[in-house]
Structure formats: C-alpha cells, structure tokens
Amino acid sequence: MLILTSQQVREWDLFTIKNKPISSINLMETAATVCCEWLSANRFDNLPIHIFCGKGNNGGDGLAIARIMAGHGLTPLLSILETGKPGTEDFQTNLARLHETSIQPHYIHSEENFPVVASGTVIIDAIYGTGLNRPAEGSAAKLIKHINAQKCAVIAIDLPSGLNPDHSSKNNTVVTATHTLSFQCFKPAFLFPENEDAIGQLHILDIGLEPAFAETLTDTDLFIVKDIASQLLRKRKSFSHKGDYGHAAIIAGSKGMMGAAVLSAKACLRSG
C-alpha cells in the first residue's frame, strides 16, 4: 500500500479529477458515502451522533455525511467551528445542500458556546483532517480539548484534527480518536508510535482514486501488505530442490549479538 504525503494525496485527487474524470464535489460525495457505509456496517448509525466540522474540505466531508444520514431518516447534531471567513468552495456547496434538509447547524463562535455532548453520543471529527500542517491553536485547540474531555467514542474523518499528516505530532493538541477513517492510502502520520493513541483503530477506505497515479510517482514509500507479499512468492514444485529458488546471504550478528542472525536464518528456513 502506498504511503503518501499530504501534498501527494492532493496531487492524486487532482489526477483523478482530470483523468477519471470526476468533479471535486463528487469525489467528496464518494468519500462521505463510503464513510456512511462504514458507520452503518459497524452500527454506529444506531447511536446518537454529533458531527464537528471545520470550514475546509474535511468539514465539507462532515456536512455531506450529515446530509446523507438525514436522507436515511437519521438526525445527527452538527456543529461548525466559525472562523469568520467563507469555507472552501466544496464546503460551501455542501452547506447549501445541507440547508435542503431538516438539520440546523450550530455555529461555534467561541469557547462559551461549545455544545454539551450527551454521554453515549458518537462524535465525528471533521474539523481539519489533513488540512492542517501546524499545531492547532486558539478556539480550534480549545474545541479539540473539549472533544477529548467527552466520554464518547470519536470517529475521525481522514485524520484526527490537529495531527500533522506528514510528521510526528508529539506534544501537539490532537483529537484522540477511537477510529480513524482515512482514504485510499497510508499517511506518514500513521507510522509514528507517538501518534498511535490519537489515531485509534485505523481503517483505510477505497474512494476510487485513479490507480494510474502510482505510475507517475518516482519517489515514494510502500507499506508491504499480505497481497503484495504473496505476489513475490514463487510457486513451489513437488520435486524441486531448495537451491532452485535462490539463496540468501545473511550478514548479521557479532559476539554476544546473535539474535538477528538466528531470526534471519529461521525466516529463510520457514520461507523455503
């Protein structure tokens, strides 16, 4: 599986929009639909839900999730962190679509009107996602702390808000998610041990980004998963010799430090 930086993910989105082709707003709709399907499959939609949105594209995902839920007869609560500025184009489009439903957004202007979240509510975090590359501050940081103080399951969309998508976020103010629903590929943030508690259980959801984008990459990392590893194994014949499938030269170990050599040798034996 690809491990892509936030910039590479944006390029993949644009590549998909250009080559599939699909509009940005419809790509957002796909992401929201896939999230709703995951919520339904895991029975979170049977519980009270409170969605927290920023005014970027991650917030647009949250608005679309709220609207899709409303279309299925659900009534999630919705709070939008007000910045005093218009949202992104796709956020504004989804806000206009939301007004066609019965959902009435609550706008958070300051700490004084942070909403009270009832115990047992599922919180959906759609404040920043991968749209923040600096530590959260001001009202956003206070809202993140408010969310973390609730005794509720938290589901982060794409990335827990406040988490840097490309680097460690040690000592930063970050949403502590129970589950993170991310899209299409691993982000570097998922591989830092100090980020583990913020991410919770990670789920990579396929939103149909154009696979040909991988062919344009010249410098990237891969996370080896079972499907990839199984393709590297050569089929064994019943009467073949152990030397027919290559050899391993192990350069490892020193006096008192033979563990790596022993483990490597055993791995070779196990793999044939």
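Quick note: structure is the one above.
Numbering of residues begins from 1 in every chain and follows the order in which that chain's sequence is written. With the structure being a predicted model, the display of local features is reserved for residues of pLDDT at least 70 and the display and counting of side-chain atom pairs for 80 or more, all residues being used for whole-chain, interface and lining totals. Remark: hydrogens and water are excluded; side-chain values derive from all non-hydrogen atoms of the structure.

Section: the nonpolar core
Counted only if it meets this: The definition of a nonpolar core used throughout is a set of buried Ala, Val, Leu, Ile, Met, Phe, Trp, Tyr and Cys residues joined through side-chain atoms within 4.5 Å. Only protein chains enter the calculation, and the probe is 1.4 Å; a residue is then buried if its accessible area is under 20% of its type maximum, exposed if over 50%, and partly exposed in between. Note on definitions: a residue-residue contact is assigned when non-hydrogen atoms from the two residues lie within 4.5 Å.
By size, the foremost hydrophobic cluster in this structure holds 41 residues, and its most contacted members are Leu4, Leu39, Ile51, Leu63, Ile65, Ile124 and Ile157. In this structure Ile51 touches Gly62, Ile65, Ala66, Pro76, Leu77, Leu78, Ser79 and Ile124, once residues within four positions along its chain are discounted.

Regarding the environment of Cys185
For clarity, the cut-off: Secondary structure elements are defined from DSSP: runs of H or I of at least 4 residues count as helices, runs of E of at least 2 residues count as strands, and each element is numbered from the N terminus.
On the secondary structure map, Cys185 appears in the loop between β7 (179-183) and α6 (196-199). For Cys185, a relative accessible area of 1% puts it in the buried group. Here the alpha-carbon distance between Cys185 and His203, two residues 18 residues apart in the chain, equals 9.9 Å. The contact partners of Cys185, leaving out residues within four places of it in the chain, are Met1, Leu2, Leu4, Val9, Trp12, Phe190 and Ile204.

Some points on the packing of aromatic side chains
Which entries qualify depends on this criterion: Ring pairs are drawn from Phe, Tyr and Trp, using the six-membered ring of Trp, whenever the two centres fall within 6.5 Å, and their geometry is named by plane angle: stacked under 30 degrees, edge-to-face over 60, tilted for the rest.
Under the defined criterion, the tally for this structure stands at four aromatic pairs. Taking 5.5 Å as the distance between ring centres and 15 degrees as the angle between the ring planes, the aromatic pair formed by Trp38 and Phe44 counts as stacked. The class of Trp38 is buried, set by a relative accessible area of 11%. Pairing Phe186 with Phe190 gives two aromatic rings, centres 6.0 Å apart and planes at 80 degrees, and the pair type is edge-to-face. Phe190 carries the same exposure label as Phe186, and that label is buried.

Considering the packing of helix α2 (residues 24-41) against helix α4 (residues 89-98)
Formally: Whenever a helix is involved, its axis is fitted only over the stretch in contact; in every case the axis is a line through C-alpha atoms, and angles between N-to-C directions fall within 0 to 180 degrees. Here the angle decides the label: under 35 degrees means roughly parallel, over 145 means roughly antiparallel, 65 to 115 means roughly perpendicular, and every other value means oblique. Definitions for this section: a left-handed crossing has its near helix turned counterclockwise from the far helix by less than a right angle. A right-handed crossing has that turn clockwise. Any residue that is not Ala, Val, Leu, Ile, Met, Phe, Trp, Tyr, Cys, Pro, Asp, Glu, Lys or Arg is counted as polar, Gly included; the first ten are nonpolar and the last four charged.
Between α2 and α4, the least distance of the axes is 10 Å, while the angle of their chain directions is 65 degrees. Considering the angle they form, α2 stands roughly perpendicular to α4. In this structure, α2 crosses over α4, and the sense of that crossing is right-handed. Residues Ser24, Ile25, Met28 and Glu29 of α2 lie in contact with α4, whose contacting residues are Asp90, Thr93, Asn94 and Arg97. Split into classes, the residues belonging to the contact of α2 with α4 amount to two nonpolar, three polar and three charged.

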